Amino acid sequence: MSALFRETVVGQAINYFSSGRLLPYPEQRPGGWTFTPATSVSLEPPIVWAKNLAVGNDGDATDGEIKKEVGKEGMGVSKDAEPELENDPFLVTFDGPDDPDNPKNWSTGKKTFVTSLICLLTFSVYIGSAVYTSSIPSLMEDFDVSQAVATLGLSLFVLAYGIGPMFLSPLSEIPIIPAALAESMPALLVLRFITGFISSPALATGGASLSDMVSEKYLPYVMGLWAGAAVAGPVLGPVVGNFAAQANGWRWPLWELFWVSAFALLVLTFTLPETHTPTILLRKARRLRARTGDESYGPRLALEPGVLFLNTYIALTYALFYLWFESFPIVYIEVHHFNLGQAGLPFLGIIAAGVLTYPFWLWYNIKYIEPLYERDGGITPEKRLELALWMGPLIPTSLLIFGWTARASIHWILPTVGAALYVPGVFIFFQCAFMYLPMSYPKYAASLLAGNDFFRSTTAAGFPLFGRALFDRLGLGGGSLLLAGLAALMVPALWVLIKYGPELRACSKHTTV
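These lines cover the structure that appears in this document, whether it is placed above or below.

Thresholds applied
Residues numbered from 1 in each chain as written. Predicted model: local features only at pLDDT ≥ 70, side-chain atom pairs only at ≥ 80, totals over all residues. Heavy atoms only, no water. Helix = DSSP H or I, 4+ residues; strand = E, 2+ residues; numbered from the N terminus. Buried < 20%, exposed > 50% of the residue type's maximum accessible area, 1.4 Å probe, protein only. Areas by Shrake-Rupley, 256 points an atom, 1.4 Å probe, with all protein chains shown as cover. Salt bridge = Lys/Arg side-chain N within 4 Å of Asp/Glu carboxyl O. Phe/Tyr/Trp six-rings, centres within 6.5 Å; stacked < 30°, edge-to-face > 60°. Contact = heavy atoms within 4.5 Å.

1. Topic: the overall build of the protein chain
Summing up its helical and strand segments, the protein chain has 20 helices and 0 strands in all. Looking at the protein chain residue by residue over its 513 residues, the buried ones come to 55%. When the accessible area of the protein chain is evaluated, it comes to approximately 21700 Å², of which 65% is carbon and sulfur surface.

Pasting the structure below:
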């Protein structure tokens with residue numbers, strides 16, 4: 001536990017301000033480490049292999065900083081030169097294949113614990129989007145604004161999801177600013193944007209953090225848990241927020257969000273360790289420099305069509321998800337006459353569908369994917385997309401059932417079942433896409449996921465603003481038909497990517513697969 005605590009925000013601060021006397025690393029202990037100087041290799045300045053280096057938990061390992069710390073400006077090497085680094089005596093790596101500091105070597109218990117922390121962080125951020133929808137009716141009344149203006153609080157939050165990772169370091173543990181204290185609609189909108197902006201990095205690199213710990217073969221299992229936390233957030237938001245808003249107005253759902261995020265901040269500050277290998281090695285290099293006084297030590301690190309298509313598909317699915325949420329109050333409050341609190345309960349059907357989908361995802365990987373690893377030693381990235389091709393039609397099917405059964409003469413359970421069918425389609429597709437991207441471009445996994453977050457969030461941000469107008473103009477059936485048609489158009493294109501993906505990647509200078 002002391003090693004885990006040492007890697008947390010608090011542990012790193014204690015180690016730094018005590019100059020390594022508290023929570024020391026081996027190279028910081030007196031007599032605990034022996035330096036053997038090189039005798040036959042010139043002390044050339046260290047070089048950085050990769051230009052695109054994702055930041056770590058606290059922003060240490062940015063590309064610019066590593067160039068400043070361990071190399072001269074403008075220096076670099078190509079892939080062909082990489083083997084020359086193997087004999088570099090100042091190459092900072094892990095101490096052998098079993099080094100406990102390597103996240104891949106952590107115990108199963110530690111990996112499980114850290115995975116649960118990442119899921120908690122993801123949930124605490126994602127719930128912040130949809131919980132706001134519970135406040136919209138009360139906001140319209142208190143501030144005398146239209147529904148479009150009130151819905152801006154949702155759109156700005158989602159927009160900030162995408163912009164934040166472009167500027168902030170991954171896994172920033174910062175609490176949600178209490179927007180419940182706002183005294184005007186403009187103030188509330190500004191606070192909502194800032195909240196989403198600050199919270200967003202966790203969404204961009206949660207999957208990359210898991211890939212730091214788990215091998216490619218078993219990564220789908222933990223990625224499924226992480227995606228489940230991401231889906232549970234916006235789905236449970238209206239469930240917990242509607243009753244609070246019904247009882248005490250628009251401020252209480254936002255206070256609930258503040259309590260959840262404050263709890264996550266407290267837990268993560270003391271327990272979430274660094275997982276990013278380049279950042280871990282950079283910190284080790286700094287400790288070796290401090291110990292030896294030698295500045296030569298340092299780690300060496302080395303608009304694709306497939307990426308563009310998957311980003312577009314994910315962005316559309318994500319945008320439809322948020323736009324579709326705008327129809328739920330119409331169906332359950334206006335058509336079936338639920339009160340505000342009860343109108344959030346049908347979302348539990350979506351949660352139930354997610355709980356049932358995850359075991360299917362596990363079964364598929366155990367039954368079909370793992371044997372391929374055992375037989376061939378690995379799989380092509382396109383193999384990860386095949387299940388998405390079969391499950392993709394569930395998304396338009398779900399939208400059609402929901403929209404055309406949303407009538408007073410039809411029991412409310414039928415649109416609820418239709419809504420639940422959306423989850424297997426979107427869950428499986430997201431899992432397949434999030435596995436495909438880092439497999440195709442492993443050196444740029446964190447950057448790809450951050451770019452995907454930016455693409456889908458900026459696309460989805462505007463959709464809720466015209467959701468009500470869409471369903472008022474076309475009706476629930478017509479509006480759902482339009483959304484289903486858009487979703488259906490993407491399925492054949494996914495087949496094209498599966499068929500021609502290897503040829504597309506062969507033309508890329510970035511892929512290593």
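Once you've had a look at it, read on.
2. Examining the pattern of salt bridges
Within the structure shown, the criterion is met by 9 salt bridges. A salt bridge links Arg-251 to Glu-183; the shortest N-O distance between them is 3.6 Å. Of this pair, Arg-251 sits in helix 10 (residues 251–271) while Glu-183 sits in the loop between helix 6 (147–163) and helix 7 (185–199), placing them 68 residues apart in sequence. Its relative accessible area of 62% is what places Glu-183 among the exposed residues. Notably, a salt bridge pairs Glu-274 with Arg-283, separated by 3.6 Å at the nearest N-O pair.

3. Regarding the packing of aromatic side chains
Given two aromatic rings, one states the distance between the centres and the angle between the planes to describe the pair. In the structure shown here, the tally under the stated rule is 24 aromatic pairs. Between the aromatic rings of Trp-255 and Phe-258, the centroid separation amounts to 5.7 Å while the plane-to-plane angle is 85°, which identifies the pairing as edge-to-face. Here the residue Trp-255 and the residue Phe-258 both occupy positions in helix 10, the gap between them amounting to 3 residues, near one helical turn. Take Trp-255: its relative accessible area is 23%, and that puts it in the partly exposed class. An aromatic cluster of three or more residues is present, and its members are Phe-321, Trp-324, Phe-328, Tyr-332, Phe-338, Phe-347, Phe-402, Trp-412 and Tyr-422.

4. Things to note about unusual backbone geometry
Not every positive phi belongs to a glycine, and Ser-19 is a case in point at roughly 55°. For Ser-19, the location among the structural elements is in the loop between helix 2 (9–17) and helix 3 (63–70). Within the chain, Leu-23 stands out as a residue other than glycine whose phi angle is a positive 50°. Take Leu-23: it is sitting in the loop between helix 2 and helix 3.

5. A closer look at the side chain of His-336
Among the structural elements, His-336 can be located in the loop between helix 13 (328–335) and helix 14 (347–376). Other than its neighbours up to four places away in sequence, His-336 contacts Val-331, Arg-407, Ala-408, Ile-410, His-411 and Trp-412.

6. Considerations on the environment of Tyr-436
Tracing the backbone through its elements, the reader meets Tyr-436 in helix 18 (residues 422–440). Residue classification places Tyr-436 among the buried residues on the basis of a relative accessible area of 1%. The sequence separation of Tyr-436 and Pro-381 amounts to 55 residues, and the corresponding C-alpha distance is 5.1 Å. Leaving out residues up to four positions away in the same chain, Tyr-436 has contacts with Leu-310, Pro-381, Glu-382, Leu-385, Leu-497 and Arg-505.

7. A closer look at helix 13
An α-helix turns once every 3.6 residues. As a result, residues three or four positions apart point the same way. All of the buried residues along helix 13 are Phe-328, Ile-330, Val-331, Tyr-332 and Val-335. Residues of helix 13 that are buried sit in contact with helix 12 (305–325), helix 14, helix 16 (394–404), helix 17 (413–420) and helix 20 (467–506). Looking one or two places after helix 13, you find His-337, whose phi comes out positive at around 60°.

8. Observations regarding the environment of Ser-211
Within the element layout of this structure, Ser-211 appears in helix 8 (residues 201–213). Sequence separation between Ser-211 and Lys-104 is 107 residues; the distance between their C-alpha atoms is 8.8 Å. Contact partners of Ser-211, with chain neighbours within four places excluded, come to Lys-104 and Leu-219.

Read these as geometric descriptors, not functional statements.
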